[in-house]
Amino acid sequence: MKRVQIVEVGPRDGLQNEDHLVPIEDKLRFIQLLTDAGFKRIEATSFVHPKWVPQMADAKDLYPQIPKLDGVIYSALVPNVRGMETAIEVGVQEIAVFTSVSETFNQKNINMSIDESLQVIESVIELAKQENIPTRGYLSTCFGCPYEGHIDEVIVAELTAKLIDLGCFEVSVSDTIGVATPGDVDRVLKAVLSQSNVEQVALHFHDTRGTALANIMQALNYDIAVFDSSAGGAGGCPFAPGAAGNVASEDLIYLFDGMGIETGISLEKLKEASLFLESVLEKTLTSRVLHSPESPLKS
Ligand code: HMG
Ligand code: MG
C-alpha cells in the first residue's frame, strides 16, 4: 500500500457526543485548521434532529459558512428526507447515510428498523442523485453491539452490499463501540469482500479498547485504503453507551508516516487543530501522539 485516504470525522463524530456546546466560530476555525493540515475529506456536521443531538443543531447555519478549499470535500451526515432537504438547501457537497447491523441499536439511534432505514436511505439517495450529490454509507455495530452483543459477519456483508446497491459510492464498515480485534477484522473483511469491491469499502474504528491501530494494520493486508479518524481521538455516539472516540488522526498519521504510506496530511498542522479543539472543549484529548514529544527519529 502506497497511499491511503483519511476521512476526518472530528467536526461531526468528534463533537456530537460533547456536552459542551461549541460555538459556530470555533467549529469553523477547527474545520479551517483541518483543511490547512491537508485533509481532502472532512465530515463537517450532521442534519439530524436537534433534540436528539444538540451539538449539531447549528448545522444549517454552519455549513454555508465553511471556508471551502477547492479539492476538499466537506460532507454531512443525513438521517432522513427531512435532513436531506436541509442539506440540499445549504448546498452540501457530499452526504453520508447510515444504518446498523443491529435492530436494537438502529431503533435507539434513529428510531427505525433496519428495513425502514433502508427505505429512507433509498429516498434520500434519490434526492441526492437529482442534485448530483455523492452518497457515502455507514454501517454501524459491524463488530459488536452494545445491546445485542455478537454480530454475524454474513449480515454485515449483505448490508454493505445492499448500501452499495442502493447507490452509496463507499460504505464505512464501523466498529461503533470499539470492540474489534484483528481476528474480527479478518472475519468481517473476508465476508464483506466476498460480496463488495475493496475500492468501495472503508473502515471506521472507535478506539475504546486501544485496538484500532492493530485493526487498521490488519485491514491493510486486505488492501483497504480508506480509514476514518478524528483529530485528537475525540468522539463517540450518544446512543452507544461506553463507546470512546474514533481512532485519533495523529496516531494514524504517525503510523502511516512511519510506514512510508502517503496520507497528504501534515502531522504538525494537525496537532494545531487538535490543540485548538482541546482549548475549546477545555479537556485533554486521548491521542497518544498529540501529547508525545516529537520523535527523535524524525530527520
Ligand atoms: P423521530 O423523532 O423518529 O423523527 O427521529 P420523526 O420522523 O418521527 O419526526 C419527528 C419530528 O422531528 C418532526 O417534527 C420532524 O419534522 C422532525 P414535528 O412535525 O413533530 O414538528 N425531524 C427533524 N428535524 C430536524 N432534522 C431532521 C429531522 N427529522 C425529523 N433530520 C431521527 C428520527 C432520525 C430524525 C432522529 O432519530 C435523529 O435525528 N437521529 C440521529 C441520531 C444521531 O445523530 N446519531 C449519531 C450519528 S450516527 C453515528 O455516530 C455512527 C457513525 O459514526 C458510525 C459508527 O461509529 O457506527 C456514523
Ligand atoms: Mg462513529
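Look above for the structure.
Residues numbered from 1 in each chain as written. Chains lettered and ligands numbered in written order. Predicted model: local features only at pLDDT ≥ 70, side-chain atom pairs only at ≥ 80, totals over all residues. Heavy atoms only, no water.

With that settled, the discussion passes to the overall build of the protein. What the protein contains, in helices and strands, is 11 helices and 8 strands. Each of the 299 residues in the protein was classed as buried or not, and the buried ones make up 58%. Contacts in the protein between residues far apart in sequence, at least 24 positions, make up 75% of those at least 6 positions apart. Taken as two groups, the 23 positive and 42 negative side-chain charges of the protein have centres that lie 2 Å from each other. (Helix = DSSP H or I, 4+ residues; strand = E, 2+ residues; numbered from the N terminus. Buried < 20%, exposed > 50% of the residue type's maximum accessible area, 1.4 Å probe, protein only. Contact = heavy atoms within 4.5 Å. Lys, Arg positive; Asp, Glu negative; His and termini not counted. Charge placed at Lys NZ, Arg CZ, Asp CG, Glu CD.)

Sheet architecture is closed into a barrel: 8 strands sit in the order 1-2-3-4-5-6-7-8, paired in parallel fashion. Strand-to-strand, the axes of this sheet are offset by a mean angle of 25 degrees, without reference to chain direction. Two elements, strand 6 (residues 170–175) and strand 7 (residues 201–205), share 5 bridges in a ladder whose sense is parallel. Bridge assignment links Val173 to a residue of strand 7, and that residue is Leu203. Here helix 10 (residues 249–259) sits on the sheet in contact with strand 1 (5–8) and strand 8 (226–229), set at roughly 145 degrees to strand 8. (Pairing = 2+ DSSP bridges. Axes fitted to C-alpha atoms, helices over the stretch in contact; angles between N-to-C directions.)

Counting residues in each nonpolar core, the largest one holds 103 residues, and the members touching the most others are Ile95 and Phe227. If sequence neighbours within four positions are ignored, Phe227 has contacts with Val4, Gln5, Ile6, Val7, Leu203, Ile216, Ala219, Leu220, Leu252 and Phe256. (Core = buried A, V, L, I, M, F, W, Y, C linked by side-chain atoms within 4.5 Å.)

Burial runs high along strand 3 (residues 73–77): 4 of the 5 residues are buried. Bridge analysis of strand 2 (residues 41–46) against strand 3 gives 5 bridges, and the strand direction is parallel. Along strand 3, the bridge assignment pairs Arg41 with Ile73. As a crossover connection, the stretch from strand 2 through helix 3 (residues 59–65) into strand 3 is right-handed. Sheet topology places strand 3 next to strand 4 (residues 94–100); 3 bridges connect them, and they run parallel. For Ser75, the partnering residue across the bridge sits in strand 4 and is Glu94. Of the crossover connections in this fold, the one passing from strand 3 over helix 4 (residues 81–89) to the parallel strand 4 is right-handed. (Right-handed = clockwise from strand over helix to strand, strands pointing away.)

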